[in-house]
Amino acid sequence: MARVAPIYPTFARGEVSPLMFGRVDIEPYASCLDKCRNCWVRPFGVVSRIAGSEYITTAKGKARLLKFVFSATDSYIIECGAGYFRFYNNGGYIVNSEGGIYEISNPFTEDQLKTIQYVQLDDVIKITYKDDENNKNKPLELIRKAANNWVLQETDFKCTPFLDENLTDTTLMANGTEKGKSVEVTASSPIFNAGHVGSFWWIGGKTTDNDLEKQGFVKITAVKDSTHATATIMWKLSTSSATSEWGEGAWGGYRGYPSSVGLMDGRLYYGRTPNSPRNVYGSRPYAYEDFTPAIDNEDSGSINIELATNASGDGSDIKWIIGSNFLMVGTYGSEFVVKGSGDAGITPTDVNARARSNWGTEPIQPITVDSVIHFVQRTGTKIRQFVYDYYLDSYKAVDVSLFSQHLFESPIVDIAHQKNPDNILWCLREDGKIAGLTLESNQQIQAWCMLEYDGVVESIETIPSYNGLYDEIYMIVRRVINGKTVRHIERIQDLITPDIQSKCWYVRDGLSYNAFDATEGVSLSLSATTGENITATAGSGVFSANSVGRRIRCIDSEFNIIGEMKITQYISSTQVKGRVKKEFNSKTYTGGSWGVSVGTLSGLSHLEGKEVQILADGAVQTSKTVSGGKISLELDAFYIITGLGYTSYLRTMPFEAGSENGTAVGKKKRVNELSLRVWKTSGCRVGFDLEHMQKVKYRDPEISMGMPQPLFTGIIPNIKYNQGWTWDANVTVEQSEPLPMNIMAIAPIINEVDK
């Protein structure tokens, strides 16, 4: 019988497919996991429990989350629903002048929400969406003027791109030439349609105005019939006679509008109209509404290029456009790189588009991570990383989900990028689960995990936190609460475990109460620092008859208790008497450094009828069911976090530590005991599956009974294990209490029967 004691010091590959269980030959095997659920993998190889979420409000309806980021303190999540926008900042919704939720209208239908694509230019979000049936999807601008003053308007183009020059015998004649004049345009054959209103047409040759030479063109303002239209001359025309030299605008109510948008090197790019599904259009540099074509091949002209329809590009329509080190365009069948020659930028005369890979893409805007573009492959079951291979001297699209394909049995419908505290790509699946990929290219970290919710996550997005220390994850989660289907907007808390145990947020859809916040601006004075019957006087009314039996506690900046008394007598709303339980270090305290404990918590109507977990002053209390929007605590407390519980766990791969006679595969083995190295952890359990778990005990005997066990960092040795003899030995570490779990290493002691 062999006895081995391996150590698993990193889990940097995250959760992998069951099809990988036999690959004990590859180096990453020991750092892979069978399961990593409701956890995430840090670049150090540590598995951490995913933080819980805070309830913000109930969404108005089915919606999608968009983001607006100007700075850390000037960032917004936008609830974009069918017919409306709502705005959120720093964990709260923006209010209108009446104190209600601020809201503006939009033209989107519910089906169009998933087709929205956008880029941000300072205070303006440029928006496209699909409407191939009605062609009413003119690109939009969402403009932020103030926190509660947003404007949505159609983009006022100075000129749009044009289709190819007319090659028929049809002529156009405008009864005027001067810029700004309203004229009648007459066609020699029927070509006008009501959908042409608002479209641009060029007529005749180029003209000069104030030493500036441009092509003369008009904007249709009305259509009288199929041969007569009214137009405004936008640039001086070269003739008022009938001419066959003319071209129709590429965009409008007749030809359709673009449904993709991207930004690169000072040009705004649009792509894909119903009439020209493979065309990419670039604005003039830093003139984002001007697509006037070049006259004499000047570099400042607009861009109009059609993607190839050959073996390298199958001719399918454009799905997205993104600017990075180059302009990349994804179609249903290929991925194109659009660039100028060498390192030169794109110009009207120096632009080419070549298909560099042929996987095909979904209409989901890609994410750039460390200058590398990540996109969703067609069918939504793979994430590919578009990189340059110097050995092959070519681009390639690497499947970064290859080892974890089982996580995409349900296709991806949206992706969001969290940059801090770690680099994570969150992939929302159609079934409402979220697959997360931790990326750190310099350390070759690619670690997948899976977040599972008691409801269905319908949208996900990230913005910087107000303090700028991390990126916040916002979600819309659909649940059934008290018999009704609701959609809650939630914000996941800081993923890094806090130093103060009371602030550990590991419940979902939760709320918190801070008794010390409730006394901001209210001073406290004491008649003595210790004694059986001292008087406490507040600067304003905070006490009531219900305060009797509650406690007054004073804290320092680190949440350490620097004095506490139990209230024994109510005198008035500003004065009570009590017995000191812990001597105070002063007779006076400023607001925010003291508080009065509470025994009930209200404001939980959004979880009516649900059982919620409770962390009160850092200690776990018995779960309670919300009734009338309230819960009662077992023990009064000052800092309370409550919400829906969830289970986080990791399960190792089947152990392969070798044996006296070659491999351990196919040999009976038993884990006798194990040790864990943890960081800021409390309350976890271990076992060989979720039905056979035992609590890890590591209580510090120096901690007084009745006080919560502080978060532990270090080695937990000699944990007895109960799996018995098995062919595939492994370890599951689980946390289901509202406490953190950070697993740094697992060191089992394994007996093997050699043969």
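Residues numbered from 1 in each chain as written. Predicted model: local features only at pLDDT ≥ 70, side-chain atom pairs only at ≥ 80, totals over all residues. Heavy atoms only, no water.

Assigned secondary structure in the chain consists of 0 helices and 60 strands. Each principal axis of the C-alpha distribution contributes one length, and for the chain these read about 105 × 80 × 45 Å. Expressed as a percentage of the 755 residues in the chain, the buried residues total 55%. By sequence separation, contacts in the chain at least 24 residues apart represent 60% of the contacts at least 6 residues apart. When the accessible surface of the chain is summed, it comes to about 31100 Å², and 46% of that surface belongs to carbon and sulfur atoms. Positive and negative side-chain charges of the chain, numbering 75 and 87 respectively, have mean locations separated by a distance of 6 Å. (Helix = DSSP H or I, 4+ residues; strand = E, 2+ residues; numbered from the N terminus. Buried < 20%, exposed > 50% of the residue type's maximum accessible area, 1.4 Å probe, protein only. Contact = heavy atoms within 4.5 Å. Areas by Shrake-Rupley, 256 points an atom, 1.4 Å probe, with all protein chains shown as cover. Lys, Arg positive; Asp, Glu negative; His and termini not counted. Charge placed at Lys NZ, Arg CZ, Asp CG, Glu CD.)

On to the packing of aromatic side chains, then. All told, the structure shown has 32 aromatic pairs when counted by the stated rule. Arranged with centres 5.5 Å apart and planes meeting at 85 degrees, the rings of Trp251 and Tyr281 form a pair that is edge-to-face. Of this pair, Trp251 sits in the loop between strand E21 (246–248) and strand E22 (260–264) while Tyr281 sits in strand E24 (residues 279–282), and the two are 30 residues apart along the sequence. Classification of Trp251 as buried rests on a relative accessible area of 2%. Residue Tyr281 is classed as buried on the basis of its relative accessible area of 1%. On the basis of an interplanar angle of 75 degrees and a centroid distance of 5.0 Å, the ring pair of Tyr388 and Tyr395 is categorised as edge-to-face. Residue class for Tyr388 comes out partly exposed when judged on its relative accessible area of 31%. (Phe/Tyr/Trp six-rings, centres within 6.5 Å; stacked < 30°, edge-to-face > 60°.)

Pairing is antiparallel across the open sheet formed by 7 strands, whose spatial order is E47-E42-E43-E46-E45-E44-E48. Where the open sheet ends on each side, the last strands, each with one partner, are strand E47 (588–589) and strand E48 (594–596). Bridge analysis of strand E43 (residues 534–538) against strand E46 (residues 575–582) gives 4 bridges, and the strand direction is antiparallel. Bridging across to E46, Ile534 finds its partner in Gly578. (Pairing = 2+ DSSP bridges.)

Under the criterion given, the structure shown has 1 cavity of 30 Å³ or more. Lining the largest cavity are Lys138, Thr160, Gly198, Phe200, Trp251, Gly252 and Tyr257. Taken together, the residues of the lining of the largest cavity break down into 3 nonpolar, 3 polar and 1 charged. (1 Å grid on protein atoms, 1.4 Å probe; cavity = no way out; pocket = protein on both sides within 12 Å on 5 of 7 lines; lining within 4 Å. Points joined across faces, edges and corners; volume = space filled by probe spheres on them. Nonpolar A, V, L, I, M, F, W, Y, C, P; charged D, E, K, R; others polar.)

Attention now moves to unusual backbone geometry. A cis amide bond links Asn420 to the next residue, Pro421, at an omega of 10 degrees. As for its position among the elements, Pro421 is in the loop between strand E34 (412–418) and strand E35 (424–429). Here Arg272, not a glycine, exhibits a phi torsion of approximately 65 degrees, which is positive. If you trace the backbone, Arg272 turns up in the loop between strand E23 (267–271) and E24. Positive phi, close to 60 degrees, is recorded for Tyr286, a residue that is not glycine.

Considering the arrangement of structural elements, one finds Lys680 in strand E55 (residues 669–681). When its relative accessible area of 14% is taken as the criterion, Lys680 is described as buried. There is a polar contact of 3.3 Å between the side chain of Lys680 and the backbone oxygen of Thr497. In terms of polar contacts, Lys680 uses its side chain to reach the side chain of Asp499, at 2.4 Å. With residues near it in sequence (within four places) discarded, Lys680 still touches Thr497, Pro498, Asp499, Leu711, Phe712, Thr713, Pro740 and Asn742. (Polar contact = N/O pair within 3.5 Å; in protein donor to acceptor, adjacent residues only side chain to side chain.)

This paragraph deals with the environment of Glu27. By the element assignment, Glu27 lies in the loop between strand E2 (14–15) and strand E3 (32–37). The spatial distance from the C-alpha of Glu27 to the C-alpha of Val696 is 31 Å, given a sequence separation of 669 residues.

This next bit is on the pattern of salt bridges. This structure, assessed with the given rule, holds 40 salt bridges. Among the salt bridges present, the one from Arg144 reaches Asp74, with a minimum N-O distance of 2.6 Å. Placement of the pair is Arg144 in strand E14 (residues 140–146) and Asp74 in strand E8 (residues 74–81), with a sequence separation of 70 residues. Note on accessibility: Arg144 and Asp74 belong to one class, buried. Residues Glu141 and Lys126 are paired through a salt bridge, measuring 2.5 Å at the closest nitrogen-oxygen approach. On the criterion of sequence distance, the pair formed by Glu141 in strand E14 and Lys126 in strand E13 (residues 124–128) is long-range, its members being 15 residues apart. (Salt bridge = Lys/Arg side-chain N within 4 Å of Asp/Glu carboxyl O.)

On to the nonpolar core, then. By size, the foremost hydrophobic cluster in this structure holds 54 residues, and its most contacted members are Trp426, Ile434, Met475 and Val733. Of all the elements, E55 adds the most residues to this core, at 4 residues. With sequence-adjacent residues up to four places away left out, Met475 is seen in contact with Ser53, Leu65, Ile434, Tyr453, Val457, Ser459, Ile460, His488, Ile489, Glu490 and Ile492. If you look at the next biggest cluster of nonpolar residues, it comprises 20 residues, including Ile78, Cys80, Ile127 and Leu142. (Core = buried A, V, L, I, M, F, W, Y, C linked by side-chain atoms within 4.5 Å.)

As a further point, take the side chain of Ser53. Of note, Ser53 is situated in strand E6 (residues 53–58). Reaching out from Ser53, the side chain makes a polar contact with the side chain of Glu490 at a distance of 2.6 Å. When neighbours within four sequence positions are excluded, Ser53 is seen to be in contact with Met475, Glu490, Arg491, Ile492, Trp505, Val507, Arg508, Asp509 and Gly510.

With respect to the secondary-structure elements, Gly45 resides in the loop between strand E4 (39–41) and strand E5 (47–49). In sequence terms Gly45 and Ser31 are 14 residues apart; their C-alpha atoms lie 8.0 Å from each other. Among all residues touching Gly45, those that are not within four sequence positions of it are Thr10, Phe11 and Ala12.

Burial analysis of strand E31 (residues 372–376) places 5 of its 5 residues in the buried class, which makes it a mostly covered element. Neither face of E31 is exposed, since Val372, His374 and Val376 on one face and Ile373 and Phe375 on the opposite face are all buried. Hairpin connection from strand E30 (residues 367–369) to E31: 2 residues lie between these consecutive antiparallel strands, with Asp370 at a positive phi of about 55 degrees. Two elements, E31 and strand E32 (residues 383–389), share 4 bridges in a ladder whose sense is antiparallel. Its bridge partner being in E32, Phe375 is matched across the sheet by Arg384. Linking E31 back to E32 in an antiparallel pair, the connection comprises 6 residues, with Thr379 at a positive phi of about 85 degrees.

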